[in-house]
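# Architecture at a glance
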Amino acid sequence: MHLKPKIAVGTVLVLGLAWAGCGGDDGASSSTPATSSRAYKGHAGDLDMNHLVATYPDVAGTRLDDCQSCHTGGQVTVSGKAARKNACDFCHFIPFPVSGATGAPATYEQTLNPYGLAYKNAGRSAAAVRTLASQDSDGDGYSNADEITDLRYPGSADSKPGQARAKILVLDLTELKAMPAHREFLLANTSKQQFDTYAAYGGVKVRDLLTAVGVDPAGVTGVTVISADGFTKDFTIDVISARHPAALFYSGLDTGTRGADCGFV
């Protein structure tokens with residue numbers, strides 16, 4: 001899990017944790033084993049990421065080895081509250097639409113950044129990746145090949161070679177166990193599923209993690225959590241500071257909807 005405080009000087013906190021999920025099918029899936037090392041379960045067979053990694057082997061396992069190389073987030077308003085959604089949440093509005101949401105994408109093409117759209121129009125193949133190498137899809141003055149080689153997003157003008165790298169801090173399991181432990185009893189999905197679910201959660205609070213690595217939570221507006229397989233989730237400082245954080249409910253994840261190999265419930 002990566003924790004990236006949204007402050008002027010970025011910090012990436014790396015923990016030995018992972019989460020596996022099932023995502024929507026954008027039409028590029030295959031039973032072919034993935035070349036990519038980070039595509040999460042629902043996209044483990046995506047040929048698109050395999051084409052990028054096969055062309056640029058050094059991106060395997062890096063931040064470019066996930067959906068954000070071709071997809072982007074967007075501004076979505078739900079129940080009168082506008083928020084910027086990351087690429088994962090933005091795409092997931094398509095298989096899991098929210099009633100009354102405005103600004104949400106209706107097609108996967110609407111989630112593509114300039115590089116992703118150029119790749120799609122070029123044929124969605126390894127040859128397409130090579131064809132785009134000398135182009136500057138995001139118009140920031142650098143070729144796609146130069147950006148990818150420097151592990152910058154070729155579809156975002158805000159990401160370009162020469163920018164300072166975020167500070168990376170690594171905590172091992174021993175250090176995590178030495179931090180204040182938190183346990184919480186939770187009744188989940190009381191009105192969403194056939195049966196109530198009672199669960200006890202234990203671990204370290206995000207605020208304590210930030211403090212442990214020298215980040216003052218008072219200067220943080222939110223935290224982006226990125227699992228080892230690339231799935232991304234944004235949380236505001238209010239959510240991670242709450243005494244008893246609310247559980248997040250996701251509908252449509254049952255085996256009846258997603259299939260026996262993919263459903264969680």
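In this text the structure is predicted, and so the values were computed from the model without any measurement.

Here we come to the side chain of Glu-147. Residue placement: Glu-147 occurs in helix 5 (residues 144-149). Excluding anything up to four places from it in sequence, Glu-147 contacts Asp-136, Asp-138, Asp-140, Tyr-142, Arg-152, Tyr-153, Pro-154, Ser-156, Ser-159, Lys-160 and Pro-161.

Moving on: the environment of Arg-63. One can find Arg-63 in the loop between helix 1 (47-55) and strand 3 (74-78). When its relative accessible area of 35% is taken as the criterion, Arg-63 is described as partly exposed. Along the chain, Arg-63 and Ile-226 lie 163 residues apart, while their C-alpha atoms are 9.7 Å from each other.

Our focus in this paragraph is the nonpolar core. Membership of the largest hydrophobic core comes to 15 residues, with the highest contact counts inside it found for Leu-52, Tyr-56, Val-59, Tyr-115, Tyr-119, Val-129 and Ile-148. Residue assignment for this core shows that the elements contributing at least two residues are helix 1, helix 3 (114-121), helix 4 (126-131) and helix 5. For this core, the leading source of residues is helix 1, giving three residues. When near neighbours in sequence (up to four residues on either side) are disregarded, Val-59 contacts Leu-52, Val-53, Leu-64, Asp-65, Ile-148 and Leu-151.

Let us look at helix 3. Three or four residues apart is the spacing at which side chains of an α-helix point the same way, because the helix has 3.6 residues per turn. Listed in full, the buried residues belonging to helix 3 are Tyr-115, Gly-116 and Tyr-119. The arc that holds the buried residues of helix 3, viewed along the axis, is 100 degrees, so those residues lie on one side. Buried residues along helix 3 sit against helix 1, helix 4 and helix 5. Directly beyond the C-terminal end of helix 3, a positive phi value near 120 degrees is found at Gly-123.

Pairing is possible between side chains of opposite charge, provided their charged atoms come close. Taken as a whole and judged by the stated rule, the model has five salt bridges. Among the ionic pairs, Arg-124 bridges to Asp-48, the shortest N-O distance being 2.7 Å. You can see Arg-124 sitting in the loop between helix 3 and helix 4 and its partner Asp-48 sitting in helix 1, a full 76 residues away along the chain. By relative accessible area, which is 15% here, Asp-48 ends up buried. With a closest N to O distance of 3.4 Å, Lys-233 and Asp-89 form a salt bridge. Pair noted here: Lys-233 is in strand 9 (residues 232-236) and Asp-89 is in helix 2 (residues 87-92), with a separation of 144 residues, a long-range link. Relative accessible area serves as the criterion here: at 13%, Asp-89 is assigned to the buried category. Each of Asp-150, Arg-152 and Arg-165 takes part in one network of salt bridges that share partners.

Conventions we followed
- Residues numbered from 1 in each chain as written.
- Predicted model: local features only at pLDDT ≥ 70, side-chain atom pairs only at ≥ 80, totals over all residues.
- Heavy atoms only, no water.
- Helix = DSSP H or I, 4+ residues; strand = E, 2+ residues; numbered from the N terminus.
- Contact = heavy atoms within 4.5 Å.
- Buried < 20%, exposed > 50% of the residue type's maximum accessible area, 1.4 Å probe, protein only.
- Core = buried A, V, L, I, M, F, W, Y, C linked by side-chain atoms within 4.5 Å.
- Arc of directions from axis to C-beta.
- Salt bridge = Lys/Arg side-chain N within 4 Å of Asp/Glu carboxyl O.

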